[in-house]
Number of protein chains: 2
Amino acid sequence: MTETDVTHLPFADLVDLLKTIFIRHGVSDHNATILAENCAGCERDGSTSHGVFRMAGYVSSLKSGWVDGKAVPQVEDVAPAFVRVDAKGGFAQPAFCAAKPLVLDKVKQNGVAVLAIRGSHHFSALWPDVEPFAEQGYVALSVVNSMSCVVPHGGKTPVFGTNPLAFASPRAGAAPFVFDQASSAIAHGDVQIAALAGHDLKPGMGVDSDGQPTTDPKAILNGGALLPFGGHKGNSIALMVEILSAALTGGNFSGEFDWSGHKGAQTPFTGQFILVIDPQCGGNNAFAERVAGICNLVLEAGQERLPGERRHKNRAKAEKEGIPLSQETLEKLKALSEG
Amino acid sequence: MTETDVTHLPFADLVDLLKTIFIRHGVSDHNATILAENCAGCERDGSTSHGVFRMAGYVSSLKSGWVDGKAVPQVEDVAPAFVRVDAKGGFAQPAFCAAKPLVLDKVKQNGVAVLAIRGSHHFSALWPDVEPFAEQGYVALSVVNSMSCVVPHGGKTPVFGTNPLAFASPRAGAAPFVFDQASSAIAHGDVQIAALAGHDLKPGMGVDSDGQPTTDPKAILNGGALLPFGGHKGNSIALMVEILSAALTGGNFSGEFDWSGHKGAQTPFTGQFILVIDPQCGGNNAFAERVAGICNLVLEAGQERLPGERRHKNRAKAEKEGIPLSQETLEKLKALSEG
């Protein structure tokens, strides 16, 4: 982006623009606010693969009738430390927001709480779901399954989604420690970028349409699939994500939903698992200081940066200067808000 | 092992022999039973790196005065779904056993429960801690940190232990689905085996004493260190394990304890985190059937076997034929029981 080509939009203005797009395409006002803040937050943090780049996919899925933008989630208080939500075919974020006050009550009361979301579409990053808990002093972990595009370790046909795992913890004197990582070896977006650039991938990223290992990004995209990260160990993480996000919640596995009747559908219809822990119940009252201590140790040992660090820097910059958007992107968003 | 060289010992007999060794070296009768059953269970399952092979290390640590074999753990009922245990410088397993009935009560009552163990030595596999929960119908996850021998991704000095994560889930019509995996790229034992055999390792397993990547197992063993599995993603798992096992519990980080005054000490003095979930609170009553379903899908997709499968086969065989032990191993164990 050249300087002249870029507009810096305040966060609230980007939220308004995105909200208009969601409402224009059949999302309720309440749900549109939640989704717009989530998407604008990703863009603000430089988490651009889940930022405004995704709006076309949101719109396409809404137009196809695959996802219900007006869904009213049903919160179920199942046990003293367990909340369940039926997202009713809507997005996961409104379901999550509907249950969050009860989850916070339960973790304060009991020391730990689980939130199991089913019948939900998750089309964003996971860190926006866990990081706010850490800002409030809690440890949070979440996993979500998606749509089958990852073959099991040693396998030939896709079973898993990219199945991210996100974790957030308070950290004294700094933004929370947060990571949000796919259990696939590489993101689909990065395979597309390599294909466009004509670059080969490193070994271990994916397989071709015969299930054979390949470093050719085009072979992965044309009927091939991704591999789990870290061999059989990442594979077990991916399987754990399916169990927690789908088997435990009552949602679909990544390969289970059928969107063939909804041309343009892009949002995976699965489930999501969230765990929240009150570290004040642990054995050490200086929990956040201890987390800061171990984070400092890994940086002193030579790790380049902590996950989330770049995001928090981008956020601080965007809060001062606004969120940078190219003229082309702004025009696309305006077109979506009108058409 | 040649046929004539092997004795097949019934599980109870191996437990008795190991118990004698523990008691001979200052472990209380109660704690000795727990440790002997744990260690014999590893041997029975063919999890031999945590089986009787470890007895010399147990004895060495006990002799050094580093670990208290007579420790009486103190269970603290912190919150409706949160149990804390101070292992009082003893092994983690007796602390775990002391808290387990309360943890089971809490998960039944609340849908989820956390157990935070501190001041504990864990010198065994993690699967024996989680698998019994799955046999009782619960989902369980546990992590434990150990002693610093793993450099952070991109780093030069060790910070993490091998920091395993274990997960267990009921599975209909079969033994539970269980995995127990180090967050290091390779086990220390496998580096030792490669060094003895004169084989190079695959890239990405470890660094030399200057923190430079190496495939030479001897360079890793002589002042070098291991790497996390799966690059920066496994690294984040290793850091999460430190946070949950130590910061949250009040135990030591992997690089924090000082055993220099205890010659022969081998057991890491840290903490352990256990999470137990009641899947009956989830959205699907056929949870164990759903887990069986996803496990079948990965096998149909071509994954060779599920983690834990080989162990369960070994167990079934050992339950019929007894646990195979070489004459040499038996003699070593008898020597430990006497000296």
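Reading the values: rules and limits
- Residues numbered from 1 in each chain as written.
- Chains lettered and ligands numbered in written order.
- Predicted model: local features only at pLDDT ≥ 70, side-chain atom pairs only at ≥ 80, totals over all residues.
- Contact = placed C-beta atoms within 7 Å.
- Helix = DSSP H or I, 4+ residues; strand = E, 2+ residues; numbered from the N terminus.
- Nonpolar A, V, L, I, M, F, W, Y, C, P; charged D, E, K, R; others polar.
- Buried ≥ 20, exposed ≤ 12 C-beta atoms within 10 Å, placed from the backbone.
- Pairing = 2+ DSSP bridges.
- Least-squares fit on C-alpha atoms with pLDDT ≥ 70 in both.

Colleague: Looking at this structure, I do not really get the interface of chain B and chain A. What am I missing?
Modeller: Accessible area lost upon the coming together of the parts serves often as the stated size of an interface. Contact residues are listed per partner, giving 60 residues for chain B and 60 residues for chain A. Put simply, the parts of the chain that give the side of chain B that touches chain A at least two residues each are strand E2 (74-79), strand E3 (82-86), helix H4 (92-110), strand E4 (112-121), strand E6 (165-169), strand E7 (177-181), helix H8 (231-247) and helix H9 (287-300) of chain B. Looking at which element gives the most residues to the side of chain B that touches chain A, the answer is H8(B), with eight residues. Of the residues contributing to the side of chain B that touches chain A, the split by class is 32 nonpolar, 21 polar and seven charged.

Colleague: Would you mind going over the pairing of strand E12 (residues 323-326) of chain B with me for this structure?
Modeller: On a regular strand, one side chain projects to one face of the sheet and the next to the other, so that they alternate. Residue and element names in this part refer to chain B. The alternating pattern of E12 places Ile 323 and Leu 325 on a buried face and Pro 324 and Ser 326 on a face that is not buried. The pairing of strand E1 (residues 6-9) with E12 spans four bridges and is antiparallel. Each residue of the ladder has a partner; that of Val 6, found in E12, is Ser 326.

Colleague: Please clarify how unusual backbone geometry should be interpreted in this entry.
Modeller: Glycine aside, residues mostly have negative phi angles, and peptide bonds mostly take the trans form. Of note, Asn163(A) is a non-glycine position whose phi angle comes to about 40 degrees, a positive value. Structurally, the position occupied by Asn163(A) is in the loop between strand E5 (139-144) and strand E6 (165-169). Positive phi, close to 55 degrees, is recorded for Lys88(B), a residue that is not glycine. Position of Lys88(B) among the secondary structure elements: in the loop between E3 and H4.

Colleague: Could you clarify how one ought to interpret the relation of the copies chain B and chain A in this entry?
Modeller: Think of it as a corkscrew move, a rotation about one axis and a shift along it, taking one chain copy to the other. When chain B is fitted to chain A, the residual RMSD is 0.0 Å, and the transformation amounts to a turn of 180 degrees plus an axial shift of 0.0 Å. Taken together, the turn and the small shift mark the pair as related by a two-fold rotation axis. If distances are taken from each C-alpha of chain B to the rotation axis, the shortest is found for Gly230(B), at 1.9 Å. The residues that chain B uses at the interface reappear at the interface of chain A in 100% of cases, marking a shared surface.

Colleague: Teacher, can you tell me more about the environment of Ile243(A) here?
Modeller: Inspection of the secondary structure assignment puts Ile243(A) in helix H8 (residues 231-247). In this structure, the C-alpha to C-alpha distance between Ile243(A) and Val144(A), residues 99 residues apart in sequence, is 10.0 Å. If we ignore the near neighbours within four places in the chain, the residues touching Ile243(A) are Leu248(A), Ser169(B), Val291(B) and Ile294(B).

The analysis is restricted to geometry; functional conclusions fall outside its scope.
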